[in-house]
Amino acid sequence: MRDEFLRLEGLTKTFGASTVVKDVNLSVARGEFVSFLGPSGCGKTTVLRMIAGFETPSAGYIHVDGRNVTNLRPNQRKIGMVFQAYALFPNMTVAGNIGFGLKIAGMGKDEAAARVSEMLKLIGLAGFEKRYPYQLSGGQQQRVALARALAARPSMLLLDEPLSALDAKIRVSLREQIREIQKELGITTIFVTHDQEEALSISDRIMVMNAGRADQVGTPFEIYNRPQTRFVAQFVGTLNVIEAIVADPRERTVKIDSTLINLVHDLGARKAGDPVSLAVRPESVSLGSRQGRESRLSGKISDVSFLGSVIRVRVGVGDSQFSLDTFNNPAVPPPVAGSPAEISFSGKDLLVLQD
Amino acid sequence: MRRSRFLPWLGFALGAAYFLLPLIATFEFSLREKRDAYSFLAYANVLNDPNFRATFTYSVTVAIATIIVGIVLIVPAAYFVRLRLPALRPVVEFITLLPLIVPPIILVFGYIRTFNSSSFLPLTNSTTGTNILLTFGYVTLSMPYMYRAVDTGLRAIDVRTLTEAATILGARTPTILMRVIFPNILISVLSGAFLSFAIVIGEFVMASLLNRPAFGPYMQNIGANRAYEPAALAIIAFVVTWGAMGMIQLLARFAPKTSATLVE
């Protein structure tokens, strides 16, 4: 791992009787882009606000670039932040907003003006200097907020759901622009989102949070393909969760609807006859037999959804339901609900969930 | 079916007559100083009276001082209540309403008792001290209007996020108040300021009991001794007050806009 820039150590936050952040530990490398992903109320924004200095941790430490900043005020941390609601100063022009932090830092007029121009160029809004926030669209306002956060060359950038107030098309283009700028500047960035697609598409690593805890930290590939908990598996992407019974833990075999399946992943301390939750992505399941997918189960099609290029089919096998996607072929009619079906998958694609 | 508009118009006409008739009558009476002809003689008499100019100037000066002290006290107070102590808002709102419940005469007697020549802070011992006492008295009197105007302005902006955005950019509280919060509630503050001005310019009880040469006691004095000039003075005071109200309406057009007007 590259050199550590941000370290969260046992970070805990309590409001009255409720603990909203529980013992969060994280190490972020210099220049890394890490997303905090989780549903509303999972504590991700509280962790971000503790890093920014807006909330004081009830326990734990925050180290930035080797310095303990836990008790520093926000204006002493040299951190840039972009807020969900843009938070541009309505009384100031675009140039005034971007130059605000520079003025506070005592930068000379000419140098500040040059930096403002540089930032406007960076966000693709050159020529917008004299406009007021109300004269900009949401996406433009958020880009100005990004430029304002970056103008004073902070050591770290915090983004608190910066795209959630924008429409879908602008979200995608702006997230790509944020990632490009982050890479260009090489600035360590923490990005808070509840949108898994957003997190998967732009992050170096993701910390998935659930009920105040960090459930899993990993690359988008690891988070999607090797979720460690049931929550991560269900929250990130679409997933089939199947209840099975351990047949032989040493041989790594389980029974699904009385069919013996060989797994690749370890069953841990489970004994024969113990229940076990398995997970498999829809793209790892095929309708009918397919080469390389040696495990087969028979069931009945319970539902068919035509989604255009893709057809989503739900197949009931015993008490479990499998969702799988097949490409639309105009020459072949879609499967019919109620008809018998065989599904196939590989034992190596079945993940063992730790509850 | 079209509903008759007669009743709403009748209500409007009665309401307008209720307010306008005394005003028209006063105005008409103020023009009758010359026998058998309308003239502005009463207005000329009033405007040429050195006491009018002295008392009006005094009241305007005290009104400006009241507005400045009011802004310095109330803007930070309302800001901190909204930002840090939101649970205290009902208590603060109740306190700011007290000047509407407690009559000014009670207030001024309380001041005189507390700040008389034998008190710990004998403000009434000197002219400057009494002027300061009168100004603070007026700040209290105008507090319900000033606080509400400022609080309404603060409600229209996202105080918390703007404060946090400025803080993380390195700004301290005085800078945030002066450069971010105040300019964005300026129109509301000016509304409060003009309301305060309108209250102070004609106030009688406090100025009279503190024996200060203000416009309110001057109007009362003229009213007790002259016939047409009091009517002219009433119209002048009315024009000044409505001028202040008109300024509020005018300034509201320049309020900072916060919503996006373009779509990408």
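Fair warning: this is a prediction, and the values are worked out from it, not measured in the lab.

(A) Spatial organisation of the overall build of chain B. Tallying secondary structure elements over chain B gives twelve helices and zero strands in all. Along the chain direction, N to C, the helices and strands of chain B fall in the order α-α-α-α-α-α-α-α-α-α-α-α. Here the C-alpha coordinates of chain B stretch approximately 75 × 75 × 30 Å along the principal axes. The proportion of buried residues among the 264 residues of chain B is 40%. Once local pairs closer than 6 in sequence are excluded, the contacts in chain B between residues at least 24 apart make up 75%. Counting every atom, chain B has about 15000 Å² of accessible surface; 68% of that belongs to carbon and sulfur. Computed over 20 positive and 11 negative side-chain charges, the separation of the two mean positions in chain B equals 4 Å.

(B) Representation of the overall build of chain A within the structure. Along the backbone of chain A there are eight helices and 20 strands. In terms of its C-alpha atoms, chain A occupies a principal-axis envelope of roughly 75 × 50 × 35 Å. Taking the contacts inside chain A whose residues are at least 6 apart along the sequence as the reference set, 66% of them involve residues at least 24 apart. Only carbon and sulfur atoms are counted for the fraction: they give 49% of the accessible area of chain A, which is about 15900 Å². For chain A, the distance from the average site of its 42 positive side-chain charges to the average site of its 37 negative ones is 5 Å.

(C) Quick peek at the sheet that holds strand β7 (residues 156-160) of chain A. All names here are of chain A. As summarised here, the arrangement of the six strands in space is β6-β7-β8-β3-β9-β10, forming an open sheet in which the pairing is mixed. On the outer flanks of this sheet lie β6 (79-82) and β10 (213-218), each paired with one strand and no other. Taken over all neighbouring pairs, the strand axes of this sheet differ in orientation by 20° on average, direction set aside. Taken together, the five bridges between β7 and strand β8 (residues 188-193) define a ladder with parallel strand orientation.

(D) Spatial organisation of the interface of chain B and chain A. Taken together, the contact pairs 26 residues of chain B with 31 residues of chain A. Applying the counting criterion to the chain B and chain A interface returns one salt bridge. Across the pair Arg49 of chain A and Glu164 of chain B runs a salt bridge whose closest N-O atoms are separated by 2.5 Å. Along the contact surface separating chain B from chain A lie four residue pairs in polar contact (both at pLDDT 80 or more). Mapped onto the side of chain B that touches chain A, the elements with two or more residues apiece are α7 (159-168) and α8 (173-184) of chain B. Per-element tally for the side of chain B that touches chain A: the top contributor is α7 of chain B, with seven residues. Its residues placed into classes, the side of chain B that touches chain A shows twelve nonpolar, eight polar and six charged.

(E) Main features of helix α2 (residues 41-48) of chain B. For α2 of chain B, the full list of buried residues reads Ala42, Tyr43 and Val46 of chain B. Viewed along the axis of α2 of chain B, the buried residues span an arc of 100°, placing them on a single side of the element.

(F) Focus on the layout of surface pockets. Residue and element names in this part refer to chain B. Its volume calculated, the largest pocket comes out at about 430 Å³. At the level of secondary structure, the elements contributing two or more residues to the lining of the largest pocket comprise α3 (50-83), α7 and α8. No other element matches α7, which puts four residues into the lining of the largest pocket. Partitioning the lining of the largest pocket into residue classes produces seven nonpolar, eight polar and eight charged.

(G) Representation of helix α3 (residues 109-122) of chain A within the structure. Residues and elements named next belong to chain A. With 14 residues, α3 should reach 20 Å at 1.5 Å per residue; the first-to-last C-alpha distance of 20 Å fits that figure. Where α3 is concerned, the buried positions are Ala112, Arg115, Val116, Met119, Leu120 and Leu122. Relative to the axis of α3, the buried residues are bounded by an arc of 155° and lie together on one face. Of the residues in α3, the exposed ones pointing more than 90 degrees away from the buried face are Asp110 and Lys121. For α3, the secondary structure elements touched by its buried residues are α2 (94-104), α4 (138-151) and α5 (168-185).

(H) The arrangement of unusual backbone geometry in detail. Residue and element names in this part refer to chain A. Phi is positive for Asp65, close to 50°, though the residue is something other than glycine. Among the residues examined, Asp65 registers a relative accessible area of 44% and is labelled partly exposed. In the Ramachandran plot, Lys78 falls in the positive-phi region, its phi being about 55° despite a non-glycine side chain. For Lys78, the position within the fold is in the loop between β5 (67-68) and β6.

(I) Examining the environment of Gly80 of chain A more closely. Residue and element names in this part refer to chain A. Looking at the secondary structure, you find Gly80 in strand β6. The class for Gly80 is buried, based on a relative accessible area of 3%. Counting along the chain gives 28 residues from Gly80 to Ala52, while the straight-line C-alpha distance between them is 8.4 Å. Ignoring anything within four residues of it in the chain, the contact list for Gly80 reads Ala149, Pro154, Met156, Leu157 and Leu158.

(J) Main features of the sheet that holds strand β13 (residues 259-262) of chain A. All names here are of chain A. Taking strand neighbours across the sheet as the criterion, the five strands line up as β13-β12-β11-β14-β20 in an open arrangement whose pairing is antiparallel. Every interior strand has two partners, whereas the edge strands, β13 and β20 (351-352), have only one. Examined bridge by bridge, strand β14 (residues 275-280) and β20 share two bridges and lie antiparallel to one another. Within the sheet, the bridge partner assigned to Leu278 lies in β20 and is Val352.

(K) The arrangement of the side chain of Thr189 of chain A in detail. Residue and element names in this part refer to chain A. Residue placement: Thr189 occurs in strand β8. Residue Thr189 is classed as buried on the basis of its relative accessible area, which comes to 1%. Those residues in contact with Thr189 that sit more than four places away from it in its chain are Glu32, Phe33, Val34, Leu157, Leu159 and Gln182.

Cut-off values and rules
Here, residues in each chain are numbered from 1, in the same order as that chain's written sequence. Both sets of labels track the order of writing: A upward for chains, 1 upward for ligands. Under the rules for a predicted model, residues below a pLDDT of 70 receive no local features and side-chain atom pairs below 80 are neither given nor counted, while totals for whole chains, interfaces and linings still include all residues. Side-chain descriptors were evaluated using all non-hydrogen atoms of the structure, hydrogens and water having been removed beforehand. Helical segments are the DSSP runs of H or I of at least four residues, strand segments are the runs of E of at least two, and each set is numbered from the N terminus. Think of it in three bands: residues with accessible area under 20% of the maximum for their type are buried, residues over 50% are exposed, and the middle band is partly exposed, with areas taken using a 1.4 Å probe on protein chains only. Whether two residues touch is decided by their heavy atoms; if any such pair falls within 4.5 Å, the residues are in contact. For every accessible area listed, the method is Shrake-Rupley and the probe measures 1.4 Å; residues are considered covered only by the protein chains on display. Only four residue types enter the charge count, namely Lys and Arg as positive and Asp and Glu as negative; His and the chain termini do not. To locate a charge, the coordinates of NZ of Lys, CZ of Arg, CG of Asp or CD of Glu are taken. When DSSP finds at least two bridges between two strands, those strands are taken to pair. Comment: axis = line fitted to C-alpha atoms, over the contacting stretch for helices; angle = value between 0 and 180 degrees taken between N-to-C directions. The salt bridge criterion pairs a side-chain nitrogen of Lys or Arg with a carboxyl oxygen of Asp or Glu, the two atoms within 4 Å. Any N or O atom pair separated by 3.5 Å or less is treated as a polar contact, with the protein-specific requirement of one donor-capable and one acceptor-capable atom, and with residues adjacent in sequence counted only for side-chain atom pairs. Just so you know the grouping, Ala, Val, Leu, Ile, Met, Phe, Trp, Tyr, Cys and Pro go in nonpolar, Asp, Glu, Lys and Arg go in charged, and all remaining residues, Gly too, go in polar. The arc under discussion is defined with respect to the helix axis, by the directions toward the C-beta atoms. Detection works on a 1 Å grid of protein atoms alone, calling trapped sets that fit a 1.4 Å probe cavities and calling open sets with protein on both sides within 12 Å along at least five of seven lines pockets, with lining residues defined by an atom within 4 Å of a point. Grid points are joined across faces, edges and corners, and a volume is the space filled by probe spheres set on the points. Multiplying 1.5 Å by the residue count of a helix minus one yields the expected span of that helix.

That's the geometry; what it means functionally is another story.
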